Protein chains: 2
Amino acid sequence: MNFSSKLLEDAVAEFSKLPGVGQKTALRLVLHLLNQDKPEVEKFSRAISKLRNEIQFCQVCHNISDTNICEICASHKREKSLICIVEDTRDVMAIENTNQYNGVYHVLGGLISPMDGVGPSDLQVDSLIQRLETGEVKEIIFALSATMEGDTTIFYLNKRVKHFTITISTIARGIAFGGELEYVDEVTLGRSIATRVPYENSLTR
Amino acid sequence: MNFSSKLLEDAVAEFSKLPGVGQKTALRLVLHLLNQDKPEVEKFSRAISKLRNEIQFCQVCHNISDTNICEICASHKREKSLICIVEDTRDVMAIENTNQYNGVYHVLGGLISPMDGVGPSDLQVDSLIQRLETGEVKEIIFALSATMEGDTTIFYLNKRVKHFTITISTIARGIAFGGELEYVDEVTLGRSIATRVPYENSLTR
């Protein structure tokens, strides 16, 4: 693209670096910002810069936080003996939105993925082991994506934690509520038959 | 959404204001930025703030520019007697990319749209009239979108400029090159039959 201004070109180039944003979308977003009032754009720019420079990660669970210890870890109402292991802060938000979970979290910060050069040392594994060594934890739940990377990570973590006397569980996999059988993929359907549960158990929420 | 951090929430809120960006996309973009190095994010933030504060508009054609007079208007190679009237800088870029146009531009900065509260006084119409009053201009080309707003704007501008002794033309409308007849909408096809051109004329590029 031939830009009539270097400033415009720079801003478009920066926006194009975002995931899923191409040059045309970037230009549209930049022209939108150009049409806004200066204080508005300044607010936008400052929010980003402030986020990156001042954000903290909870020292216990590594979730994004404004303080040393996040609200969940600091809360007296949460069950500290139950740890849900997730990939990132989006998963914490998704589980919190269900209002079904009263334990605490451990945010790994990624999944093991040799293809992307992410190994166990890039994740918050050691601090998880340290949390288990205190002896306060009774159960850990793996709530990771049902992908190759998720399964690899669970496999690795399970090996690291299985000598602790704790319950190790994973979130249930099967057909989604509201899902129609004929549209479910074969693997999920096959596995959901193989891992069928007693009818009474399926009723408890 | 329940955010674990106010800084995160602020940044997501700012990104959500962009056109076509919802909360989930905004969160994805913000988390992407969080994973980048601090100088990278600072560059992103500064490019936006700089763009808004330092950008200039060409005093002749109102195109986005780093200088008082844009490169196109300042160039001796461009035909100053031919003005192409466009909506915004994206149209200038699109036409420049064709390498088929050697005149100059006039950027209106929008189209007349009563629904959005945009009237003629919001557009760069007076400065267009001033350019025509110098007597240097021999032809103007309307290169506006083939929409209700575009047609309204052409209709209005035509009334304002028709007393000048200049040629007034619009870009050709019809079936796109490479377009298959059966997929063309009825209006375009019908109009392209009604406004058919001699075969010899259609060959000149």
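If you're wondering where the values come from, they're calculated on a predicted model, not measured in any experiment.

Notes on the overall build of chain A
Across its full length, chain A holds 9 helices and 6 strands. Taking 205 residues into account, the globule formula puts the C-alpha radius of gyration at 17 Å, and chain A, at 22 Å, lies well above it. Split into buried and exposed, the 205 residues of chain A put 40% on the buried side. Restricting to contacts in chain A with at least 6 residues of sequence separation, those with at least 24 account for 47%. Here chain A contributes 22 positively and 27 negatively charged side chains, and the mean placements of these two sets differ by 2 Å.

What to know about the domain arrangement of chain A
What the domain assignment lists for chain A is domain 1 (6-54), domain 2 (78-171) and domain 3 (172-205). When each unit is reduced to the centre of its C-alpha atoms, the spacing between domain 1 of chain A and domain 3 of chain A is 44 Å.

Remarks on the interface of chain B and chain A
Chain B puts 50 residues into the contact, and the matching count from chain A is 50 residues. Roughly 5100 Å² is buried in total at the junction of chain B and chain A, and carbon and sulfur atoms are behind 67% of that figure. Seen at the junction of chain B and chain A, the total is 4 salt bridges. Here E14(A) makes a salt bridge to K43(B), at a shortest N to O gap of 3.6 Å. At the surface where chain B touches chain A, the tally comes to 16 residue pairs in polar contact (both at pLDDT 80 or more). Of all the elements in the fold, those that place two or more residues in the side of chain B that touches chain A are α1 (6-16), α2 (23-35), α3 (38-54), β2 (64-65) and α5 (89-98) of chain B.

Re the sheet that holds strand β4 (residues 103-107) of chain A
Residue and element names in this part refer to chain A. Taking strand neighbours across the sheet as the criterion, the 4 strands line up as β4-β3-β5-β6 in an open arrangement whose pairing is parallel. Each edge of the open sheet carries a strand with a single partner, namely β4 and β6 (167-170). Adjacent strand axes in the sheet meet at a mean angle of 25° when their direction is disregarded. Taken together, the 4 bridges between strand β3 (residues 79-86) and strand β5 (residues 139-142) define a ladder with parallel strand orientation. The residue of β5 that forms the bridge with I83 is I140. Contacts between helix α7 (residues 148-161) and the sheet are confined to β3, β5 and β6, with β5 contributing the most and set at about 165° to the helix.

Here's the deal with the pairing of strand β4 (residues 103-107) of chain B
Residue and element names in this part refer to chain B. Along β4, 5 of the 5 residues are buried, which leaves the element largely enclosed by surrounding structure. Pairing between strand β3 (residues 79-86) and β4: 5 bridges, direction parallel. Residue pairing in the sheet places E79 in a bridge with G103 of β4.

Notes on the UniProt feature "zinc finger region: C4-type" (unreviewed entry) in chain A
UniProt marks residues 58-73 of chain A with the feature "zinc finger region: C4-type" (unreviewed entry), using the numbering shown here. Secondary structure within residues 58-73 of chain A divides into 19% helix and 12% strand; the distance between the first and last C-alpha atoms comes to 8 Å.

A word on the pairing of strand β5 (residues 139-142) of chain B
Residues and elements named next belong to chain B. Direction of pairing for β5 relative to strand β6 (residues 167-170): parallel, over a ladder of 4 bridges. Paired with E139 across the strands is T167, a residue of β6. Tracing the backbone out of β5, into helix α7 (residues 148-161) and back to the parallel element β6 gives a crossover that is right-handed.

Describing the packing of helix α2 (residues 23-35) of chain A against α5(B)
Interaxial distance between α2(A) and α5(B) falls to 11 Å at its minimum, and their mutual angle equals 145°. Taken together, the residues of α5(B) that come into contact with α2(A) (itself represented by L27(A), R28(A) and L31(A)) are T89(B), R90(B) and M93(B).

Quick word on the sheet that holds β6(B)
All names here are of chain B. Pairing is parallel across the open sheet formed by 4 strands, whose spatial order is β4-β3-β5-β6. In this open sheet, the two strands that pair with only one neighbour each are β4 and β6. When strand polarity is set aside, the average angle formed by the axes of neighbouring strands in this sheet is 25°. Running at roughly 150° to β4, helix α6 (residues 126-133) makes contact with β3, β4 and β5 of the sheet.

Thresholds, definitions, all that
Residues numbered from 1 in each chain as written. Chains lettered and ligands numbered in written order. Predicted model: local features only at pLDDT ≥ 70, side-chain atom pairs only at ≥ 80, totals over all residues. Heavy atoms only, no water. Helix = DSSP H or I, 4+ residues; strand = E, 2+ residues; numbered from the N terminus. Rg over C-alpha atoms; globule rule 2.2 N^0.38 Å. Buried < 20%, exposed > 50% of the residue type's maximum accessible area, 1.4 Å probe, protein only. Contact = heavy atoms within 4.5 Å. Lys, Arg positive; Asp, Glu negative; His and termini not counted. Charge placed at Lys NZ, Arg CZ, Asp CG, Glu CD. Domains from an automatic or database assignment. Buried area = accessible area lost by both parts, 1.4 Å probe. Salt bridge = Lys/Arg side-chain N within 4 Å of Asp/Glu carboxyl O. Polar contact = N/O pair within 3.5 Å; in protein donor to acceptor, adjacent residues only side chain to side chain. Pairing = 2+ DSSP bridges. Axes fitted to C-alpha atoms, helices over the stretch in contact; angles between N-to-C directions. UniProt positions renumbered as here; feature names shortened; annotations may be inferred. Right-handed = clockwise from strand over helix to strand, strands pointing away.

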